[in-house]
Amino acid sequence: KKDLSTEALNNLNKEILMQLQEQGIASPSSTLLHGQFAIRLCIVNQRSRQSDFDLLVKEVLRIGRTL
């Protein structure tokens, strides 16, 4: 997806965020950085494990590939 415009990439990332939340995988938030939509994590739970973040990355990639 390297050839996407900023608008298309922003829309893709918005859809990934929505899918993560709707599928109950994770509940990240979002922000804009220099006009680009970014999925944002806030890690404050002391029970978080490396495997939680590995799963999140795996699922972001999986969802991104299906869109």
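These remarks concern the structure in this document. (Residues numbered from 1 in each chain as written. Predicted model: local features only at pLDDT ≥ 70, side-chain atom pairs only at ≥ 80, totals over all residues. Heavy atoms only, no water.)

### Thoughts on the pairing of strand S2 (residues 36-40)
In plain terms, the rule: A pair of strands is treated as paired once DSSP finds two or more bridges between them. The way it works is that DSSP assigns letters per residue, a run of H or I at least four long becomes a helix, a run of E at least two long becomes a strand, and they are numbered from the N terminus.
Examined bridge by bridge, strand S1 (residues 29-33) and S2 share five bridges and lie antiparallel to one another. Paired with Ser30 across the two strands is Ile39, which belongs to S2. Remark: two residues form the turn of the hairpin made by S1 and S2, two consecutive strands paired antiparallel; His34 in that turn has positive phi of roughly 55°.

### Quick notes on the environment of Leu17
Put simply, the test is: Residues are treated as being in contact if the distance between any of their heavy atoms lies within 4.5 Å.
Mapped onto the secondary structure, Leu17 falls in helix H1 (residues 6-22). As for Leu17 and Ile43, which are separated by 26 residues in sequence, their C-alpha atoms are 16 Å apart. Residue contacts for Leu17: discarding those within four places in its chain leaves Pro28, Ser29, Ser30, Phe37 and Ile39.

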